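Architecture at a glance
Chain by chain, the residues:
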Amino acid sequence: MKRILALDGGGIRGVFTLQILARVEALLRQEQKKPDLVLADTFDLIAGTSTGAIIASLLSWGLPVREIEKLYVDHSPTMFARGRWTQQWKSKYKPEAIANFFKERFFDDETGRPALLGTKKLKTLLLILMRNGSTGGAWPVSNNAKAMFNDPALADCNLKIPLWQLLRASTAAPTFFPPEEIRIGDQTFQFMDGGVTPYNNPALIAVLTATLPQYQIGWPATREQLHVLSIGTGLARAKLPQKKVSELNLLDHIRYLAPALIGSVSAEQDLMCRVMGDCVHGARVDAELGALEAPALLSRDEQKFTYARYDQPLDATHPKIKRLPAGSFQLDNLALIPLLQELGEEYADAHVRREHLFPRADGFRSCPCSVTSP
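Thresholds applied
- Residues numbered from 1 in each chain as written.
- Predicted model: local features only at pLDDT ≥ 70, side-chain atom pairs only at ≥ 80, totals over all residues.
- Heavy atoms only, no water.
- Helix = DSSP H or I, 4+ residues; strand = E, 2+ residues; numbered from the N terminus.
- Buried < 20%, exposed > 50% of the residue type's maximum accessible area, 1.4 Å probe, protein only.
- Contact = heavy atoms within 4.5 Å.
- Areas by Shrake-Rupley, 256 points an atom, 1.4 Å probe, with all protein chains shown as cover.
- Lys, Arg positive; Asp, Glu negative; His and termini not counted.
- Charge placed at Lys NZ, Arg CZ, Asp CG, Glu CD.
- Core = buried A, V, L, I, M, F, W, Y, C linked by side-chain atoms within 4.5 Å.
- Phe/Tyr/Trp six-rings, centres within 6.5 Å; stacked < 30°, edge-to-face > 60°.
- Pairing = 2+ DSSP bridges.
- pLDDT = per-residue confidence, 0-100.

1. Side note on the overall build of the protein
Regarding its fold elements, the protein presents 10 helices and 11 strands. Based on the C-alpha atoms only, the size of the protein along its principal axes is roughly 60 × 60 × 40 Å. For the protein, the proportion of its 374 residues judged to be buried stands at 51%. Across the protein, the fraction of contacts at a sequence separation of at least 24, relative to all contacts at a separation of at least 6, is 69%. For the protein, the exposed surface amounts to about 17,600 Å²; the carbon and sulfur share of it is 54%. The protein carries 43 positive and 40 negative side-chain charges, and their two centres are separated by 3 Å.

Here is the structure:
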């Protein structure tokens, strides 16, 4: 069975994701009786968007989860270093700080230079999502040697792009960081955060990358041969402020629009995975659809993969978040790290199970899908 790990974007809320990954890693170590196992030993393709791209790349590099968590805790103040006040009308944070963090982590000792996407130090297939702001298109970029734009003979071969630049691009959230300018062949493009593509939740595009013939990986798409584990950063539904319609202003709409669109599209990606695959775990989509744990449009023989989704609402509906000051649950609020660790550990202990990682092809489940989420 081929295994895909897909990690959502969400800024510092990636710390929540890491608690779930730590539980997954622990279960896999126990299952395989390998105390030093890392997730790159089990997953064949790891996909990530924005903060998920950082985690995905570090996992593919071969790092254990707790080491990645330590990097987040220790280096977040550096990654989110504010620029001079004269520059903050362009972006809130200095791009050089986070870029240097990536350069230090992804360095090729053999060449003595920053590692390229095509480096052999990556232990899995890696998929990074970003938006090409110059062309207006989403860019799913992988290290698959057979991909159309990864031919080393091409002047604009993607495998020649430094890995740190791709991560800077995928994390270039508008207003937080400026776009990343990358020269590819004889052209220069400006890249933006993958969260402003349809793939802030990259699970579906990861499946398509692995199975569609055009992407040149060609894995079989059956329940017996493909399993997808998708992990969110804590669902935070965008809501308009509690005002009368006549009192809503332009700033209210601006603050609402981007999170609402990103959240809605991410939810649709999750929904499509449940329709195409066999959902072995996931909170209900809504009150009408439930969790879609039973076959919907496709019979069991027609389903393309088995699928588990881990995520939890982390907005004003959560009792521990209700106590926070209004507006404090932001993507760049580093003071939230201890709370995110606590919430992630609680969620992982309650939801992550061995049978979600090793689903049986006959559809048997000893643990039903959760229906606790609104």
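2. Examining the nonpolar core
Leu-5, Leu-21, Leu-39, Leu-59 and Leu-229 are the most contacted members of the largest nonpolar core, which has 75 residues in total. It is helix α1 (residues 14-32) that contributes the most residues to this core, 9 residues altogether. In this structure, Leu-39 is in contact with Leu-5, Leu-21, Val-24, Glu-25, Leu-28, Leu-59 and Val-65, ignoring residues within four places of it in sequence. With 21 residues, the next largest nonpolar core counts Ile-4, Ala-47, Leu-127 and Ile-205 among its residues.

3. Here's the deal with helix α6 (residues 203-211)
Among the 9 residues of α6, 8 are classified as buried, and the element is accordingly described as predominantly covered. Three or more residues of α6 are buried, namely Ala-203, Leu-204, Ile-205, Ala-206, Val-207, Thr-209, Ala-210 and Thr-211.

4. Concerning the packing of aromatic side chains
Under the defined criterion, the tally for this structure stands at 12 aromatic pairs. When the ring of Phe-101 is compared with that of Phe-102, the centres are 5.9 Å apart and the planes differ by 65°; the resulting orientation is edge-to-face. Each member of the pair Phe-101 and Phe-102 is classed as buried. Between Tyr-310 and Tyr-347, the aromatic rings sit 6.3 Å apart at their centres with planes inclined by 80°, giving edge-to-face as the arrangement. Linking Tyr-310 in strand β11 (residues 306-310) with Tyr-347 in helix α9 (residues 337-351), this pair joins segments that are 37 residues apart in sequence. Tyr-347 matches Tyr-310 in its accessibility class, with the two residues each being buried. One aromatic cluster in this structure is built from Phe-80, Tyr-93, Phe-176 and Phe-177.

5. Some details on unusual backbone geometry
Positioned with a positive phi, Ser-50 is a non-glycine residue whose angle comes to about 55°. Within the secondary structure, Ser-50 sits in the loop between β2 (45-49) and α2 (51-60). Despite not being glycine, Gln-216 has its phi angle at roughly 65°, a positive value. Its location among the elements puts Gln-216 in the loop between α6 and β9 (226-231).

6. Overview of the pairing of strand β5 (residues 125-132)
Counting buried positions along β5 yields 6 of 8 residues, so the element is predominantly enclosed. Relative to β5, β2 is paired through 5 bridges, and the arrangement is parallel. Bridge pairing in β5 links Ile-46 to Leu-126. Sheet analysis places β5 next to strand β6 (residues 137-142), joined by 6 bridges and oriented antiparallel. Opposite Leu-129, over in β6, you have Pro-140 as the bridge partner.

7. So, the confidence of the model for the protein
Caution applies to low-pLDDT parts of the model: their predicted coordinates are not meant to be read in detail. Model confidence for the protein is summarised by a mean pLDDT of 90, while 94% of its residues fall at 70 or above. Residue range residues 363-374 is modelled with pLDDT below 50. Its contacts to residues more than four positions away, or to other chains, number 33 contacts.

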